[in-house]
Amino acid sequence: ARPLTLVEIAQATQLPTSTAHRQLQLLEQLGRTYRDAAGRHCAGVATVAPLPLDHPLNLLRRDATDVLRQLQTQFRATAVLTVFLGSQRLVIEAITGQHAIAPYIGTQAHSPLHCSVSGKLLLSTLAPAARAQLLGAAPYLARTPATLTSRTALFSQLERIAKERLAVNLEENVEGISAQGVLVATAAGHAIGALALTGPSALFSAPQRAAMAPVLMRKANLLGASLSAHAVARLLAA
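Residues numbered from 1 in each chain as written. Predicted model: local features only at pLDDT ≥ 70, side-chain atom pairs only at ≥ 80, totals over all residues. Heavy atoms only, no water.

Can you walk me through the overall build of the protein chain in this structure?
The secondary structure content of the protein chain amounts to nine helices and seven strands. Its C-alpha atoms put the protein chain at 60 × 40 × 35 Å along the principal axes. Buried residues in the protein chain amount to 44% of all 238 residues. Once local pairs closer than 6 in sequence are excluded, the contacts in the protein chain between residues at least 24 apart make up 55%. Summed over all atoms, the accessible surface of the protein chain reaches about 12300 Å², with 57% contributed by carbon and sulfur. Within the protein chain, the 12 negative side-chain charges are centred at a point lying 4 Å from the centre of the 21 positive side-chain charges. (Helix = DSSP H or I, 4+ residues; strand = E, 2+ residues; numbered from the N terminus. Buried < 20%, exposed > 50% of the residue type's maximum accessible area, 1.4 Å probe, protein only. Contact = heavy atoms within 4.5 Å. Areas by Shrake-Rupley, 256 points an atom, 1.4 Å probe, with all protein chains shown as cover. Lys, Arg positive; Asp, Glu negative; His and termini not counted. Charge placed at Lys NZ, Arg CZ, Asp CG, Glu CD.)

So this is what it looks like as structure tokens:
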């Protein structure tokens, strides 16, 4: 996050100063770090941007930017594209809504699977046994009074999501924040991620959600038909 001195790095890593120095020399040789004019150590290009510009994830990010911006402009909520890497969720891009209430800063989504749109969509692509393994034993953690904690209720909802490719989170993770999203899949049916809108619950009334759903589906189909989505599917061996 900022340049660090050798002593600061040794203290943060709890390594002897001599060991930290040797490790930093190696990292500098590999291009992972560099030293600024004051001799402090900084993250290098290979650390902060390890993927090449033509990597499938970067291609998909570029293809998705205009789609996300259009969604944000039309519905005023934060528009997010997430890719499923196994059971992990990588935030490819996010265009923050006008209220700036649900910004995505990290590249990994950490919201619980059972009470987030991207999590539910990911779970909907899995067999019941795989879902149970990821979720653990019920009852599930109640983040808000609206969180589904029953396995029966959640799995019933996931079966519907699997058919409709549409998931909703109405204040299930954070009170006052809601979301709606759809599965992004290639023409061959390979699920690669989720396209979602999230923001203040006032933006997610029933009529508004009804208006969002077909637009989200069209945009997801557009992304799913892109060459970059097919490249990501190959990357994921989907």
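Could you clarify how one ought to interpret the environment of Gln-74 in this entry?
Checked against the element boundaries, Gln-74 lands in helix H4 (residues 56–75). Put simply, Gln-74 and Val-215 are 141 residues apart on the chain and 9.7 Å apart in space, counted from C-alpha to C-alpha.

Can you walk me through the pattern of salt bridges in this structure?
Any two side chains of opposite charge can pair if their charged atoms end up close together. Following the criterion strictly, the structure yields seven salt bridges and no others. Among the ionic pairs, Arg-2 bridges to Glu-8, the shortest N-O distance being 3.5 Å. Judged by relative accessible area, which is 52%, Arg-2 ranks as exposed. (Salt bridge = Lys/Arg side-chain N within 4 Å of Asp/Glu carboxyl O.)

Honestly, the pairing of strand S3 (residues 78–85) in this entry has me stumped. Any pointers?
Successive residues of a regular strand alternate their side chains across the two faces of the sheet. Most of S3 sits inside the fold, with seven of its eight residues counted as buried. When S3 meets strand S7 (residues 191–200), the two strands line up antiparallel, connected through six bridges. Residue pairing across strands places Ala-79 opposite Leu-197, the latter belonging to S7. Here S3 pairs with strand S4 (residues 88–95) via seven bridges, running antiparallel. The residue bridging Val-83 from the neighbouring strand is Leu-90, located in S4. Taking the residues between adjacent antiparallel strands as the criterion, S3 and S4 are bridged by two residues, where Gly-86 takes a positive phi near 65°. (Pairing = 2+ DSSP bridges.)

The analysis is restricted to geometry; functional conclusions fall outside its scope.
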